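Reading the structure
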Amino acid sequence: MGRCGSDAEPIAGIGARPGGMKTSFESSVENPTIEHETRSDEAIDLPWQVVVHNDPVNLMSYVTMVFQKIFGFPREKAERHMLEVHQKGRSIVWSGARECGELYVQQLHGYLLLATIERVG
């Protein structure tokens, strides 16, 4: 499993040219220019949360199924989050690193659910 629960692996040979020619992209990957990081370590490490918002379109059973599929929730937990979305208008379904949160939001959007990522704090 990957960092965010994905089994995806990188594709080998992307950007390779016949005869060993290198693109400018490949050259910059092999010899990267290291720039000074301007964000503080504290800002990078802050946890982020994925929030699913209520919408008038999706059926409750559909939202439950999506939570089970994306997050691997057992049915009972998926139903609890779905009811929280339905009754309170939103539910925090995940918390952690920003990169993973962005992936989860993108996956939820792929199922046409309204989701956002928010910084905790």
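Residues numbered from 1 in each chain as written. Predicted model: local features only at pLDDT ≥ 70, side-chain atom pairs only at ≥ 80, totals over all residues. Heavy atoms only, no water.

**Some thoughts on the packing of helix α3 (residues 60-71) against helix α4 (residues 75-88)**
Each packed pair of helices is defined by two parameters, the angle between the axes and the distance between the axes. Stated formally: Think of each axis as a best-fit line through the C-alpha atoms, taken over the contacting stretch in the case of a helix, with angles from 0 to 180 degrees between the N-to-C directions. Counting from the N terminus, the helices are the DSSP runs of H or I reaching at least four residues and the strands are the DSSP runs of E reaching at least two. In what follows, roughly perpendicular refers to angles from 65 to 115 degrees, roughly parallel to angles under 35, roughly antiparallel to angles over 145, and oblique to any angle outside these ranges. Take the far helix as your reference; a near helix turned counterclockwise from it by less than a right angle gives a left-handed crossing, and one turned clockwise gives a right-handed crossing. Only heavy atoms enter the contact rule, under which two residues are in contact if any of them lie within 4.5 Å. Gly is placed with the polar residues, together with every amino acid not listed as nonpolar (Ala, Val, Leu, Ile, Met, Phe, Trp, Tyr, Cys and Pro) or charged (Asp, Glu, Lys and Arg).
Viewed as axis vectors pointing N to C, α3 and α4 meet at an angle of 130 degrees, and their least axial separation amounts to 8 Å. When the interaxial angle is binned, α3 and α4 end up oblique. Between α3 and α4 the crossing geometry is right-handed. Only R75, A78, E79, H81, M82, V85 and H86 of α4 make contact with α3, whose side of the interface consists of M60, V63, T64, F67 and Q68. Residues belonging to the contact of α3 with α4 are distributed by class as follows: six nonpolar, four polar and two charged.

**A few points about the packing of aromatic side chains**
Here is the rule: Each pair of aromatic rings taken from Phe, Tyr and Trp, with Trp reduced to its six-membered ring, is defined by centres within 6.5 Å and is described as stacked if the planes are under 30 degrees apart, edge-to-face if over 60, and tilted in the remaining cases. Either the NZ atom of lysine or the CZ atom of arginine qualifies as a charge over a ring when it sits within 6 Å of the ring centre and within 35 degrees of the ring normal.
Inspection of every chain in the model, using the stated rule, returns four aromatic pairs. In this structure, R98 is placed above the aromatic ring of W48, and the distance from its NZ or CZ to the ring centre is 4.7 Å.

**Some points on the pattern of salt bridges**
Selection criterion: Salt bridge criterion: a side-chain nitrogen from Lys or Arg within 4 Å of a carboxyl oxygen from Asp or Glu. Burial status follows relative accessibility: with a 1.4 Å probe on protein chains alone, a residue under 20% of its type maximum counts as buried, one over 50% as exposed, and anything between as partly exposed.
Scanning all chains against the criterion turns up three salt bridges. Here E79 and R75 are joined by a salt bridge, their closest N and O atoms 3.0 Å apart. Of this pair, E79 and R75 both sit in helix α4, four residues apart, which is roughly one turn of the helix. For E79, a relative accessible area of 27% gives the class partly exposed. Here E118 ties to R90 by a salt bridge, and the two come within 3.1 Å at their closest N and O atoms. On the criterion of sequence distance, the pair formed by E118 in strand β3 (residues 114-119) and R90 in strand β2 (residues 90-96) is long-range, its members being 28 residues apart.

**Here we look at the nonpolar core**
In plain terms, the rule: Note on terminology: a nonpolar core comprises buried Ala, Val, Leu, Ile, Met, Phe, Trp, Tyr and Cys residues joined through side-chain atoms within 4.5 Å.
Within the largest apolar cluster, 20 residues are counted, with the highest numbers of intra-cluster contacts made by V50, V52, F67, F71, V93, W94 and L108. Those elements giving two or more residues to this core turn out to be β1 (48-53), α3, α4, β2 and α5 (98-110).

**Brief notes about the environment of E99**
On the secondary structure map, E99 appears in helix α5. E99 sits 95 residues away from C4 along the chain, and the two C-alpha atoms are 8.4 Å apart.

**A word on the environment of L103**
Structurally, the position occupied by L103 is in helix α5. The class for L103 is partly exposed, based on a relative accessible area of 27%. In sequence terms L103 and C4 are 99 residues apart; their C-alpha atoms lie 7.8 Å from each other.

**Observations concerning the environment of E102**
With respect to the helices and strands, E102 occurs in helix α5. Through-space distance from the C-alpha of E102 to that of T116 is 8.4 Å; in sequence the pair is 14 residues apart.

**Things to note about the sheet that holds β2**
To keep it simple, the criterion reads: The pairing criterion for strands is at least two bridges between them, as found by DSSP.
Spatially, the three strands line up as an open sheet ordered β2-β1-β3, and their pairing is antiparallel. Of all the strands in the sheet, just β2 and β3 have a single pairing partner and so form its edges. Pairs of neighbouring strands in the sheet enclose a mean axial angle of 25 degrees, with direction left out of account. Summarising the sheet, β1 and β2 pair through six bridges and their orientation is antiparallel. In the strand pairing of β2, W48 is matched with G96. Docked against the sheet, α4 engages β1 and β2, running at close to 130 degrees with respect to β2. Where α5 meets the sheet, its contacts fall on β1, β2 and β3, and the angle it forms with β3 comes to roughly 165 degrees.

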